[in-house]
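Okay, here's what each chain looks like letter by letter:
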Amino acid sequence: ASKTDMVIDFGGGLKTTEEVSNVFNAGAAMANIGSIAVKNPALFKEWIDAFGTKKFLPGADVLDKKIRIHGWQKATGIGIFDFIKSMVALKIGTIFCTDISKDGMMRGPSTELYKEILNEFTQIKLIASGGISCYDDLLILKEAGCAGAIIGKAYYEGKISLKQIQHFLISN
């Protein structure tokens, strides 16, 4: 992290306060949190109290509006709206949501789900994830009110270029 001026966002597998502390001490600006925020909200609140809300980007992997954890392997029965409500109660301002049914499929994002979320929670910034297949999907998500998008497979397979992403960021 000290060798770049990029903002580093660390994600995956954080389970203890010591691990979170190590991530921030190593220079990460933020930590993505998923399973712990669902399984152990008291611990996640401790992290918020210790490090501040701006240090965390909680996210939810959802299938049929229900959260799944541990790499999508375990159903929780917790609805995405209840999860977001709990994040808002912690004063979290930005959340990401991955629709598992769309992720890696490159058939377009879950725009209707994201609109529904943003209609219910007008105070949050929502980052969309899953299904993004082309530049136009970014425009659709922006129009829907999303604050950002996670682009994976579409970039790796050359469906969206770095130039297109730069153009989108400059013009939007």
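Everything below is about the structure printed above this text.
Residues numbered from 1 in each chain as written. Predicted model: local features only at pLDDT ≥ 70, side-chain atom pairs only at ≥ 80, totals over all residues. Heavy atoms only, no water.

1. Considering the environment of Phe 121
Then, number 1: Mapped onto the elements of the fold, Phe 121 is located in the loop between helix H5 (111–120) and strand S7 (125–129).
Then, number 2: Among the residues examined, Phe 121 registers a relative accessible area of 7% and is labelled buried.
Then, number 3: For Phe 121 and Val 88, which are 33 residues apart along the polypeptide, the C-alpha to C-alpha distance reads 8.5 Å. (Helix = DSSP H or I, 4+ residues; strand = E, 2+ residues; numbered from the N terminus. Buried < 20%, exposed > 50% of the residue type's maximum accessible area, 1.4 Å probe, protein only.)

2. Quick word on unusual backbone geometry
Then, number 1: Non-glycine residue Lys 65 carries a positive phi angle of around 65°.
Then, number 2: Inspection of the secondary structure puts Lys 65 in the loop between strand S3 (56–63) and strand S4 (66–69).
Then, number 3: The class for Lys 65 is partly exposed, based on a relative accessible area of 34%.
Then, number 4: The phi torsion at Lys 91 lies on the positive side, around 70°, for a residue other than glycine.
Then, number 5: Mapped onto the elements, Lys 91 comes out in the loop between helix H4 (80–89) and strand S6 (94–99).

3. Considerations on the environment of Cys 134
Then, number 1: With respect to the element layout, Cys 134 can be found in the loop between S7 and helix H6 (135–144).
Then, number 2: Exposure remark for Cys 134: the relative accessible area of 27% places this residue in the partly exposed category.
Then, number 3: For the pair formed by Cys 134 and Tyr 155, sequence separation is 21 residues and the distance between their alpha carbons is 8.7 Å.
Then, number 4: Residues within four places of Cys 134 in sequence aside, it is in contact with Lys 159 and Ile 160. (Contact = heavy atoms within 4.5 Å.)

4. Overview of the packing of aromatic side chains
Then, number 1: Throughout the structure, instances matching the rule amount to 8 aromatic pairs.
Then, number 2: Judged by centre distance (5.9 Å) and plane angle (65°), the rings of Tyr 155 and Tyr 156 are edge-to-face.
Then, number 3: Directly above the aromatic system of Phe 24 lies the positively charged group of Lys 55, at a separation of 4.4 Å from the ring centroid. (Phe/Tyr/Trp six-rings, centres within 6.5 Å; stacked < 30°, edge-to-face > 60°. Lys NZ or Arg CZ within 6 Å of the ring centre and 35° of its normal.)

5. Notes on the environment of Asn 172
Then, number 1: Structurally, Asn 172 is set in the segment after helix H8 (162–171).
Then, number 2: Considering only alpha carbons, one finds Asn 172 and Gly 13, 159 residues apart in sequence, at a separation of 33 Å.
Then, number 3: Apart from residues lying up to four places away in sequence, Asn 172 is in contact with Tyr 135, Leu 139 and Lys 142.

6. Some remarks on the pattern of salt bridges
Then, number 1: On inspection of all chains with the given rule, the structure shows 4 salt bridges.
Then, number 2: Here Glu 112 ties to Lys 115 by a salt bridge, and the two come within 3.7 Å at their closest N and O atoms. Taken together, the residues Glu 112 and Lys 115, both in helix H5 and 3 residues apart, mark about one turn of the helix.
Then, number 3: When the shortest N-O distance is used, the salt bridge between Glu 157 and Lys 153 registers 3.9 Å.
Then, number 4: For Glu 157, a relative accessible area of 45% puts it in the partly exposed group.
Then, number 5: Given a relative accessible area of 38%, Lys 153 falls into the partly exposed group. (Salt bridge = Lys/Arg side-chain N within 4 Å of Asp/Glu carboxyl O.)

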